[in-house]
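Structural description and commentary
Residues per chain are reported as follows:
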Amino acid sequence: MDFLEVIGFKGLHISLAAEPLFHIGPITITNTIFTAWIVMVLLVVVSFFATRNMQLVPSGLQNFAEAIVGMLYDIVEDVVGHRARVVFPIIATFFIYIVVANWMGLLPGFNSIGVWGDDGKGHEIFIPIFRAANSDLNMTLGMALIAFILIHAGGVIVHKPLGYLKHLAGPLPVLILINVVIEAFVPVSLSVRLFGNIFAGEVLLLVMRAPVVGAAFMVLEVLFGLIQALIFTMLSLIFLGIAMSGEHEHEEAHT
Amino acid sequence: MGELGINPFYLAFQIVNFLLLVFLLHRLLYRPVLNMLDQRKERIREGQEAAQQARTEAEQLRAEYERQLEESRAHARKIIEDATAAAERLREESVANAQQEAQRILERGQEELRAEVAHARRELRQEVATLSVAVAGKLIQESLDSEKNRGLAARLVSDLDDSS
């Protein structure tokens, strides 16, 4: 797919699919997986140093970690109540991972430092070494599927399997079909929204790479990176809250 | 799906990747931080309770001290009053003693004075009698018997006494 050539940017190339970067044995590692690993290592290292020597009176990195974790925990607790402790790690990781991955994708070198290589189908293409992790549908869909499983596992655990079926049916049993379709599209909308925004942001920054203009769009992308992380996290959390709550709130939240 | 880049292997790979991150962050970030937040909350609650208790205790102590202070003041007042009364009594006693003493000294003085006067008078009387005899002898140039002399002299002296 050569978007940019289609819209008149000859010579520029950006592919919807992540490009293969290198091989570990039989496994081909793509540039988005590589970036995801960098984000993971960064988060793990920062977390390690933030909590290595916890003090009752916090300072520095510990303060920062406590502020973020505390804020996220309050939000999760507001929605799911006393079950917050169980679902918190996944919900919080959605937010922290997505926002760091999105912002990292804005660093210089992303999509611009790379090598010419084979795309696996015999074509010679430019392969950027660094590519925003969320500009790969596998990444966003993977997270959306985790959210999907979390939402419905939460519903089943809270309402018991039969109760959850009733919960899905709502006031009218016929509605169960509609509700199942709605629920099935939640991961699709979650993943495509995030992917679309980040991918479009990359294309936009590539196209608008003039001084000043580029900086303005960069500011916007910083904002979008945060907003998309918030949207993904909050929607997952709210759907989870709905699945775990009684029928009454279910109706309200869908209207 | 291929055009979009969706690949079941990479999808599973990313899911495992992400769950690994969830696990690592849970161990390294969420659990220690949330434990610390709980611990701090607990510590603050304890601190507030301790502060409340300390304040109650302090108020009790203050009431106790005030009561003791009031007692001490009353005690001190009583001591001062007693001391004042004792001093007053002592003063009155010493004044009375002094007056008595003065009175006694005065009386003794007067007595001595009276004795002195009486003595002087007696001596004077003798002196006058002797002098009168001498004067009378000189004037009369005549020797009278001593009995008449003495009678004359005694009359003269009593006349002198009467006239003085």
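Residues numbered from 1 in each chain as written. Chains lettered and ligands numbered in written order. Predicted model: local features only at pLDDT ≥ 70, side-chain atom pairs only at ≥ 80, totals over all residues.

1. Overview of unusual backbone geometry
All names here are of chain A. In the Ramachandran plot, Lys 160 falls in the positive-phi region, its phi being about 65° despite a non-glycine side chain. Within the secondary structure, Lys 160 is located in helix H5 (residues 137-169). On the basis of neighbour counts, which here come to 12 C-beta atoms within 10 Å, the residue Lys 160 falls in the exposed class. (Helix = DSSP H or I, 4+ residues; strand = E, 2+ residues; numbered from the N terminus. Buried ≥ 20, exposed ≤ 12 C-beta atoms within 10 Å, placed from the backbone.)

2. Re the confidence of the model for chain B
Residues at a pLDDT of 70 or more form 93% of chain B, whose mean pLDDT is 88. This prediction of the complex comes with two scores: 0.71 for pTM and 0.84 for ipTM. (pLDDT = per-residue confidence, 0-100.)

3. Topic: the interface of chain B and chain A
Of the residues lining the interface, 28 residues belong to chain B; the matching set on chain A comes to 36 residues. Broken down by class, the residue content of the side of chain B that touches chain A amounts to 19 nonpolar, six polar and three charged. (Contact = placed C-beta atoms within 7 Å. Nonpolar A, V, L, I, M, F, W, Y, C, P; charged D, E, K, R; others polar.)

4. Focus: helix H1 (residues 8-140) of chain B
Residue and element names in this part refer to chain B. Look at H1: 188 Å from first C-alpha to last across 133 residues, which is about the 198 Å you get at 1.5 Å a residue. Largest kink in H1: about 50°, centred on His 26. With 13 of its 133 residues buried, H1 lies for the most part at the surface. (Expected span 1.5 Å × (residues − 1). Bend = angle between axes of the 7 residues up to and from the residue.)

5. A look at the packing of helix H4 (residues 84-104) of chain A against H5(A)
Residues and elements named next belong to chain A. Across the interface, H4 lies against H5 with an axial gap of 11 Å and an inter-helix angle of 150°. With respect to H5, the axis of H4 lies roughly antiparallel. Between H4 and H5 the crossing geometry is left-handed. Along its contact with H4, which presents Val 87, Ile 90 and Phe 94, the element H5 presents Met 143, Ile 146, Leu 150 and Gly 154. Looking at the contact of H4 with H5 residue by residue, the classes come out as six nonpolar, one polar and no charged. (Axes fitted to C-alpha atoms, helices over the stretch in contact; angles between N-to-C directions. Parallel < 35°, antiparallel > 145°, perpendicular 65-115°, else oblique. Left-handed = near helix turned anticlockwise from the far one by under 90°.)

6. A few points about the packing of H4(A) against H1(B)
Two elements in contact, H4(A) and H1(B), have axes whose closest approach is 9 Å; the angle formed by their N-to-C orientations is 100°. In terms of axis orientation, H4(A) runs roughly perpendicular to H1(B). Touching A:Phe88, A:Pro89, A:Ile90, A:Ala92, A:Thr93 and A:Tyr97 of H4(A) are B:Leu21, B:Val22, B:Leu25, B:His26 and B:Tyr30, all from H1(B). Each residue belonging to the contact of H4(A) with H1(B) can be placed in one class, and the counts come to nine nonpolar, two polar and no charged.

7. A closer look at the nonpolar core
Ranked by size, the top nonpolar core spans 59 residues in total, and within it A:Val69 and A:Leu240 carry the most contacts. Put simply, the parts of the chain that give this core at least two residues each are helix H2 (31-51), helix H3 (60-80), H4, H5, helix H6 (175-207) and helix H7 (213-244) of chain A together with H1 of chain B. Looking at this core, the element that brings in the most residues is H4(A), giving 11 residues. (Core = buried A, V, L, I, M, F, W, Y, C linked by C-beta atoms within 7 Å.)

8. Regarding the pairing of strand E2 (residues 27-30) of chain A
Residues and elements named next belong to chain A. Sheet topology note: the strand E1 (residues 20-24)/E2 ladder contains four bridges and is antiparallel. Its bridge partner being in E2, Phe 22 is matched across the sheet by Ile 29. In this antiparallel pair of consecutive strands, E1 and E2, the connection spans two residues, and Gly 25 shows a positive phi of 60°. (Pairing = 2+ DSSP bridges.)

9. Observations concerning the environment of B:Arg27
Residues and elements named next belong to chain B. Mapped onto the elements, Arg 27 comes out in helix H1. Judged by the 15 C-beta atoms lying within 10 Å of it, Arg 27 is partly exposed. Each C-alpha atom of the pair Arg 27 and Ser 132 lies 150 Å from the other, and the pair is 105 residues apart in sequence.

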